[in-house]
Amino acid sequence: MSLLRVSDLRVRYGAIQAVRGISFQVEEGECVTILGANGAGKSSTLRAVAGLHRPSGGSVTFGSQVVTGEPAHRIARSGISLVPEGRQVFGTLTIRENLELGGYVQSASANGEALERVLGIFPAFRQRLGALAGTLSGGEQQMLALGRALMTRPRLLMMDEPSLGLAPIVANQIFGILTEIVGSGIAVLLVEQNVHRALQVASRGYVLELGEVVLEGTAASLLADDHVRLAYLGHGMGEAE
Amino acid sequence: MSLQELLQQIANGLVVGSVYGLIALGYTMVYGIVRLINFAQGGLYEVGAYLGVFFFTLMGKFGLQYPIPAVLITLVISMTLTGALAFVVERVAYRPLRNAPLLAPLVSSLAMFFLLISVVQVVTGAEPLTYPSVLSPAPLHLGPIVLSPTSLIIFFAAILLMVGMQQFVRRTKVGKAMRATAANREAAALMGINTTRIVSLTFVLGGAMGAAAGILYGVNYGTVTYDMGEFGGLVAFTAAVMGGIGNVPGALVGGLTVGVLSSFASTFLPNQWNEAIVFAILILILAIRPQGILGERVAERA
């Protein structure tokens, strides 16, 4: 049975139908990416799964639980963690407080262990635990948002545009860490504008256009697909990187 | 004005200012979480003061007249009941409008304010009520300053409550959840925090602080009137803005500042000028520091 099963999901903002009945699955420990242009409905999909926006139709099943329409804090407690677009760290709180809030629903001892593990992944934060999150650079904030999400011990980590607005070298670091996370057995659902990077870390992908899935397949088959190459990779057959 | 008079005015101002600071705490905490000026706070302050008279008198009838236990029991019961009332205010006047434009809950909180003081007026009549005198009225001489023991206790009780609230918000897990909700409500929900409950809690705590202020005011000045919520609510709102709205220590600083300013104003000018002076200085401070004395422009969301 899949870890996450989304069927016929519909999301509407007022008169605008952002997601028009899409279905997809994420298996235990798998990294899946959702590709598509701006406005294709990628972020809306993640927000609906996370409970930040109530779907107008369809169902979301996580493990054996139907979580459709549950409030965000319940979905977070069930083991789904979203790193939202634009990081959304708690700017007026310290790095330590941001991370501890990730472990909000756990016991103090579990929280302590999780903090050690997260600081092992992001050693640069160890010396700066008292710094206000609002004073960090964009890349550091992205790492903090990722660390904070890992503090919740998710079974499914959803990331919305993790490299948006970051220098390529910082984006590479983030993707390096993401690869490690996938390697550690946490399932990842990734939305990313850099299609090439996304298909390197993911094993499967779905292509969204105007709120509908137009293409799905393994990362290799999508990388080889003419439509994907032309529309999202910006080059045709045989062109160099 | 002699130095002695000056010090005396400062002392008087600090006592009344500590009460304003407690009311202001309610405004500033709610504003910090939901970006709403909850005008009902002035009404909650008044309701708390009247519940105080009621329970004091009731305890007197049962023979409990030892001042300190009577004050403490009255405080706890009235703060709890007023907190419950603030919970209802949030449910009725804020929650149904939380996705509406900001003006809508602002107006409904103003409506709640008028509703609360009207109910007090209808239930008690427009006559002022007298607080039983709790402590011996013999004045204390502190160097050149003369203060009643009551006002000294009021001052320290108000400061204690404000510092306690600040420590609660800074140090406890729930306090952290409140600050997270204030900084970014969606992200807080993603951490598993029930932000709806945090909003409720903030209204309740703000209402309880308002009630404490009402009782301390009544104990200190001896009478409560059905319109005390108007002046107290407005001045405390000023104090919250002056200190830096959304900032918990700012409520204390703003309250004390307004208290001392109005105390000076009443020395130099006829009483009618009191409010005019306080608000003129508010305008002046905001012209220089729009974010308030302790407010800061935080570099958030880079």
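For the structure, check the block above.
Keep in mind the model is a prediction, meaning the values are calculated, not measured.

Chemist: Help me get a handle on helix α4 (residues 103-124) of chain B, residues and values and all.
Modeler: All names here are of chain B. Its 22 residues give α4 an end-to-end C-alpha distance of 32 Å, which sits within 8% of 32 Å, the value for a rise of 1.5 Å per residue. Buried within α4 we find Pro105, Ser108, Ser109, Met112, Phe113, Leu116, Ile117 and Val120. Packing partners of the buried residues in α4 comprise α2 (40-61), α3 (67-94) and α9 (228-243). Immediately downstream of α4, the backbone of Gly125 shows phi near 80°, a positive value.

Chemist: Report on the pairing of strand β8 (residues 187-191) of chain A, specifying residues and quantitative values.
Modeler: Residue and element names in this part refer to chain A. Within β8, 5 of the 5 residues are buried, leaving the element largely enclosed by the surrounding structure. Both faces of β8 are covered, namely the face carrying Ala187, Leu189 and Val191 and the face carrying Val188 and Leu190. Where strand β3 (residues 31-36) lies against β8, 4 bridges are found, and the strand directions are parallel. For Thr33, the partnering residue across the bridge sits in β8 and is Leu190.

Chemist: Help me get a handle on the pairing of strand β10 (residues 212-218) of chain A, residues and values and all.
Modeler: Residue and element names in this part refer to chain A. Relative to β10, strand β9 (residues 204-209) is paired through 6 bridges, and the arrangement is antiparallel. Note that in β10 the partner of Tyr206 across the bridge is Glu216. Count of turn residues in the β9/β10 antiparallel hairpin: 2 residues, of which Leu210 carries a positive phi of about 45°.

Chemist: Give a description of the sheet that holds strand β5 (residues 65-66) of chain A that names residues and reports values.
Modeler: All names here are of chain A. On the basis of which strands lie adjacent, the open sheet formed by 4 strands has the order β2-β1-β4-β5 and antiparallel pairing. Each having just a single partner strand, β2 (16-26) and β5 make up the two edges of the open sheet. Of the strand pairs in this sheet, strand β1 (residues 4-13) and β2 are connected by 8 bridges, and their pairing is antiparallel. Each residue of the ladder has a partner; that of Val11, found in β2, is Val19. Packed onto the sheet, helix α1 (residues 42-50) meets β1, β2 and β4 (57-62) and runs at close to 110° relative to β1.

Parameters at a glance
Every chain is numbered independently, its residues counted from 1 as its sequence is written. For naming, the first written chain is A and the first written ligand is 1, with later ones following in the order written. In keeping with the predicted nature of the model, local features appear solely for residues at pLDDT of at least 70, side-chain atom pairs appear and are counted solely at 80 or more, and the whole-chain, interface and lining totals rest on all residues. Runs of E in the DSSP output that reach at least two residues are strands. Runs of H or I that reach at least four are helices, and both are numbered from the N terminus. One less than the number of residues in a helix, times 1.5 Å, gives the span that helix is expected to have. Each residue is classified by how many other C-beta atoms fall within 10 Å of its C-beta atom, where C-beta atoms are placed from the backbone; a count of 20 or more means buried, 12 or fewer means exposed, and values in between mean partly exposed. Here, residue contact means that the backbone-derived C-beta atoms of the two residues sit within 7 Å. Two strands qualify as a pair provided DSSP detects at least 2 bridges between them. All axes are obtained by fitting lines to C-alpha atoms, using only the stretch in contact for helices, and the reported angles, taken between N-to-C directions, cover 0 to 180 degrees.

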